[in-house]
Amino acid sequence: MAEKIAILGAGSWGSILASVLDENGSEVRIWSYNPEQVKELNEKHTNKRYVKDYTYSESIVAYSDIEIAIEDADDILFVVPTQVTRSVARQVGEIMKRTGQKATILHASKGIEEKTYDRLSQVLAEEIAPENRDAIAVLSGPSQAEDVARHDITLVTVASENQHAAEKLQKLFMNNYFRVYTNDDVIGVEIGAALKNIIALGAGALHGLGYGDNAKAALMTRGLAEISRLGTSFGANPLTFIGLSGVGDIIVTATSTNSRNWRAGNELGQGKSLSEVVENMGMVIEGVATARAAYELSQERGIEMPITTAIYKVLYENLEIRDAIRWAMTRDGKAEIG
Ligand SMILES: NC(=O)C1=CN([C@@H]2O[C@H](COP(=O)(O)OP(=O)(O)OC[C@H]3O[C@@H](n4cnc5c(N)ncnc54)[C@H](O)[C@@H]3O)[C@@H](O)[C@H]2O)C=CC1
Ligand SMILES: O=C(CO)COP(=O)(O)O
């Protein structure tokens, strides 16, 4: 019997993951809180606001009632923006408690929750599966939805403390263009995924200001160094940061013109205001909220994160980007490693 998978969030990534799973033979339902989008998906099999020029398989059914969407699902995949994941998870948790439903819980979003500084597997554990938190999984890696939509080669990782859950999900997602590895370092995978969006904002800003390739390589490399410093302070495996959810995702997000974070940074670099950029994008720019969470975490834990600090000050304290760059470049000299 086909695996039944409920996908919560019908933005660009939720939609394309739905297609991958549908092509692989799973029974896929997708939930959106927007009834207009549900209607478009079911009647026209398109999702024009989020994925242009794409037609969905007629076997993917969309729902605006979350309880119907998750009914009997073997797996529930969260792909809503980070900052709304808790509210959606709370609804799911309440339904599962009432009905006694059991399912593998997975997310594919990339961010840190503001104020709590929780990673999303922590949010899901708190809201849905406090007694079963090791079975929660995360799918992450360099994976622009636009490339996956045209079946371009994509490699990702599924991380879970539960090897059985990770291997089951690996099999569900794998095909000849979408290759999935497993990893047991949930902390490292989630921190790498969340914080690379801050680096992508910075890379876009450098581009918008006309900086060259050396500057972009420097930002990505030193960005990875500070992500690793924060991640290992939480117990992440340092090797995770040279993997798909670390350097891999920095490379794609900090260079791809499809990246929402890169595009947002580029527009900031060209002189637009943050509110203008957010309004024009009409899709989530995860790095904006995560920059604040990561900056506050770095302060709380006494971890030096100059790039995150500079970007935080540009986004939230009106520091000019050129002044932020000058500050970062003229700090005292440091040893590269350590
Ligand atoms: N787009 C991409 O290529 C990739 C995105 N991701 C991650 O996936 C997550 C989702 O990203 P996208 O699909 O790109 O975002 P998006 O902006 O395209 O779509 C977000 C979806 O969430 C829904 N939504 C917004 N507010 C909501 C609320 N309050 N309650 C319920 N649903 C709400 C929207 O209606 C929309 O369907 C993000 O964390 C992103 O970092 C990860 C890998 C690739
Ligand atoms: O995470 C992504 C690719 O791996 C997508 O990044 P954006 O949200 O910046 O488009």
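The written sequence of each chain sets the order in which its residues are numbered from 1. Here chains are named by letter from A upward and ligands by number from 1 upward, in the order in which they appear as written. Two thresholds apply to this predicted model, a pLDDT of at least 70 for residue-level local features and 80 or more for giving and counting side-chain atom pairs, whereas whole-chain, interface and lining totals are computed over all residues.

K.L.:
Help me out: how do you make sense of the site of ligand 2 in this one?
P.N.:
Taken together, 13 residues form the shell around ligand 2, and within it Ser143, Thr253, Ser259, Arg260 and Asn261 come nearest. The helix and strand labels rest on DSSP assignments: H or I over at least four residues marks a helix, E over at least two residues marks a strand, and numbering proceeds from the N terminus. Those elements that place two or more of their residues in the shell around ligand 2 are helix H8 (186-209), helix H10 (244-253) and helix H11 (260-269). With three residues, H10 is the largest single contributor of residues to the shell around ligand 2. Only Asp, Glu, Lys and Arg are considered charged in this grouping, and only Ala, Val, Leu, Ile, Met, Phe, Trp, Tyr, Cys and Pro are considered nonpolar; every other residue, Gly among them, is considered polar. Of the residues belonging to the shell around ligand 2, the class tally is three nonpolar, six polar and four charged. Domain limits in this description derive from either an automatic procedure or a database domain assignment. When we break the shell around ligand 2 down by domain, the ones giving at least three residues each are domain 1 (4-186) and domain 2 (191-329). In this analysis a residue is considered near a molecule or strand if the C-beta atom, reconstructed from its backbone, is found within 6 Å of that molecule or strand.

K.L.:
Looking at this structure, I do not really get the domain arrangement of the chain. What am I missing?
P.N.:
Size of an interface: often given as the accessible area lost when the parts come together. Structurally, the chain comprises domain 1 (4-186) and domain 2 (191-329). For domain 1 versus domain 2, the separation of C-alpha centres amounts to 25 Å. Any pair of residues counts as being in contact when their C-beta atoms, constructed from backbone geometry, are within 7 Å of one another. The interface of domain 1 with domain 2 comprises 25 residues on the first partner and 27 residues on the second. Listing elements by their share of the side of domain 1 that touches domain 2, those giving two or more residues are helix H4 (82-99), strand E7 (154-160) and strand E8 (178-183). Looking at the side of domain 1 that touches domain 2 element by element, the count peaks at three residues for E7. In the side of domain 1 that touches domain 2, the residues fall into eight nonpolar, ten polar and seven charged.

K.L.:
How should I be thinking about the confidence of the model for the chain in this particular structure?
P.N.:
In regions of low pLDDT, the predicted coordinates are not meant to be interpreted in detail. Scored by pLDDT, the chain comes out at a mean of 97, with 100% of its residues at no less than 70. Interface confidence in the predicted complex, given as ipTM, is 0.99; pTM for the same model is 0.98. Each residue carries a pLDDT value, the predictor's own confidence for that position, ranging from 0 to 100.

K.L.:
Whenever I open this one, the packing of H8 against H10 confuses me. Can you help?
P.N.:
Helix packing geometry: the angle between the two helix axes and the distance between the axes. Following both chains from N to C, one finds H8 and H10 inclined at 25°, their axes separated by 9 Å at the closest point. One element, H8, and the other, H10, form an angle in the roughly parallel class. Between H8 and H10 lies a crossing whose hand is right-handed. Between H8 and H10, the residues in contact are Val189, Gly192, Ala193, Lys196, Asn197, Ile199 and Ala200 and Ser245, Gly246, Asp249, Ile250 and Thr253, respectively. Across the contact of H8 with H10, the residue classes break down as five nonpolar, five polar and two charged. Angles run from 0 to 180 degrees between N-to-C directions of axes, and those axes are lines fitted to C-alpha atoms, restricted for helices to the stretch in contact. Note that the term roughly parallel is reserved for angles under 35 degrees, roughly antiparallel for angles over 145, roughly perpendicular for angles of 65 to 115, and oblique for everything else. Left-handed describes a crossing in which the near helix is turned anticlockwise from the far one by less than a right angle; the clockwise case is right-handed.

K.L.:
Hey, could you run me through the nonpolar core in this one?
P.N.:
In globular proteins that are soluble, nonpolar side chains generally tend to be buried together. Only buried Ala, Val, Leu, Ile, Met, Phe, Trp, Tyr and Cys residues enter a nonpolar core, and they are joined through C-beta atoms within 7 Å. Neighbour density around each residue's C-beta defines its exposure: 20 or more other C-beta atoms within 10 Å make it buried, 12 or fewer make it exposed, and counts between make it partly exposed, where C-beta atoms are placed from the backbone. With 106 residues, the main nonpolar core has Ile7, Leu8, Leu17, Leu77, Leu124 and Ala294 as its most contacted residues. Looking at which element gives the most residues to this core, the answer is H8, with 13 residues. When residues of this core are assigned to domains, at least three map to each of domain 1 (4-186) and domain 2 (191-329). In contact with leucine 124, not counting residues within four places along its chain, are Phe78, Ala89, Ile105, His107, Ala129 and Ile136.

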